[in-house]
Amino acid sequence: MASGTPRWVWIFTPLVAVSFAGFLLYLTTVPAGDDIDKITDGIMQNAKAVKENLSNQAKQSLNAEVQKAIKEKLPDSETVKKAVENYEFFEILENKEIQVEEVPEYKSTPKGFDDKGNKIQYRLKTGAFAELERADRLKAQLTLNGFNTQVESVDVNGKTWYRVFTGPFANRSQMNKAQDQLVQMGINSVEIKQTLPKE
């Protein structure tokens with residue numbers, strides 16, 4: 001220590017040398033590239049064999065369960081039992097081909113139109129009255145609450161009825177919103193779907 005070399009150099013240098021020697025020893029235990037391929041191939045073959053074994057065991061177990069269920073449902077007879085025991089369900093099912101029908105492609109229609117291309121609109125019938133005065137009163141109430149309202153007269157069995165409608169609505173969501181507002185006002189309504197002729 002009289003030479004003036006710091007103490008940490010004497011401690012650090014042997015540690016580095018021992019670490020380097022340990023690293024070299026570790027490198028000698030790591031297999032080469034060809035050896036790694038052999039090891040992984042062996043592992044894959046073992047895994048495949050285990051998988052096939054498990055698959056066969058599962059098939060046998062399920063086959064036994066199916067046979068047991070069938071035996072319980074069929075009459076108790078030795079001939080039936082032997083026929084069921086000799087029947088291998090998975091051999092038949094594995095080789096069975098299932099025919100699937102071709103389904104026509106789904107084509108959506110634009111909102112507000114039916115499948116023939118006719119425009120659809122919705123209206124809500126909010127009431128039918130024998131007196132025009134009551135129909136006008138409901139129309140005024142609905143108009144004051146922001147609804148587009150119409151009163152139409154119709155003859156039923158020689159008597160005139162006045163029906164009150166709101167709308168028309170371009171789509172079902174607008175109609176549903178209006179129907180919710182009517183319910184809050186205490187007014188029940190009936191949906192009327194109308195198909196308009198092509199222009």
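Here is a short report on the structure shown in this document. (Residues numbered from 1 in each chain as written. Predicted model: local features only at pLDDT ≥ 70, side-chain atom pairs only at ≥ 80, totals over all residues. Heavy atoms only, no water.)

**A short note on the overall build of the chain**
For step 1, the next point in the chain: In terms of helices and strands, the chain carries six helices and four strands.
For step 2, the next point in the chain: Along the chain, helices (α) and strands (β) appear in the sequence α-α-α-α-β-α-β-β-α-β when read from the amino end.
For step 3, the next point in the chain: Counting all 199 residues of the chain, 16% fall into the buried class.
For step 4, the next point in the chain: Across the chain, every contact between residues at least 6 apart in sequence was considered, and the portion connecting residues at least 24 apart equals 61%.
For step 5, the next point in the chain: Carbon and sulfur atoms make up 56% of the accessible area of the chain, which amounts to about 16,300 Å² in all. (Helix = DSSP H or I, 4+ residues; strand = E, 2+ residues; numbered from the N terminus. Buried < 20%, exposed > 50% of the residue type's maximum accessible area, 1.4 Å probe, protein only. Contact = heavy atoms within 4.5 Å. Areas by Shrake-Rupley, 256 points an atom, 1.4 Å probe, with all protein chains shown as cover.)

**Quick notes on the pairing of strand 2 (residues 149-156)**
For step 1, the next point in the chain: Pairing analysis gives eight bridges linking strand 2 to strand 3 (residues 159-169), with the strands arranged antiparallel. Across the sheet, the residue bridging to Thr 149 is Thr 166, located in strand 3. (Pairing = 2+ DSSP bridges.)

**Topic: the nonpolar core**
For step 1, the next point in the chain: Grouped together as the largest cluster of nonpolar side chains are 15 residues, with contacts concentrated most on Leu 124, Leu 138, Leu 142, Val 164, Phe 169 and Leu 182.
For step 2, the next point in the chain: Of all elements in the fold, only strand 1 (119-129), helix 5 (132-144), strand 3 and helix 6 (172-184) reach the threshold of two or more residues within this core.
For step 3, the next point in the chain: Looking at this core, the element that brings in the most residues is strand 1, giving four residues.
For step 4, the next point in the chain: When residues no more than four places from it in sequence are discounted, the contact partners of Leu 138 are Thr 126, Gly 127, Phe 129, Val 164 and Ile 187. (Core = buried A, V, L, I, M, F, W, Y, C linked by side-chain atoms within 4.5 Å.)

**Focus: the side chain of Thr 149**
For step 1, the next point in the chain: Looking at the element boundaries, Thr 149 is found in strand 2.
For step 2, the next point in the chain: Only 3.3 Å separates the side chain of Thr 149 from the backbone oxygen of Phe 147, close enough to count as a polar contact.
For step 3, the next point in the chain: If we skip the residues at most four places from it in the chain, Thr 149 touches Lys 139, Leu 142, Thr 143, Val 164, Phe 165 and Thr 166. (Polar contact = N/O pair within 3.5 Å; in protein donor to acceptor, adjacent residues only side chain to side chain.)

**Points about the pattern of salt bridges**
For step 1, the next point in the chain: Tallied over the entire structure, the rule returns three salt bridges.
For step 2, the next point in the chain: Of the charged contacts in the structure, one is a salt bridge between Glu 152 and Arg 123, with a shortest N-O distance of 3.0 Å. Here Arg 123 lies in strand 1 and Glu 152 lies in strand 2, a separation of 29 residues in the sequence.
For step 3, the next point in the chain: Owing to a relative accessible area of 10%, Arg 123 belongs among the buried residues under this scheme.
For step 4, the next point in the chain: Between Glu 191 and Arg 172 there is a salt bridge, with its nearest N and O atoms 3.2 Å apart. Taken together, the positions of Glu 191 in strand 4 (residues 190-196) and Arg 172 in helix 6 put the pair 19 residues apart, joining distant regions of the chain.
For step 5, the next point in the chain: The exposure class of Glu 191 is partly exposed, given its relative accessible area of 33%. (Salt bridge = Lys/Arg side-chain N within 4 Å of Asp/Glu carboxyl O.)

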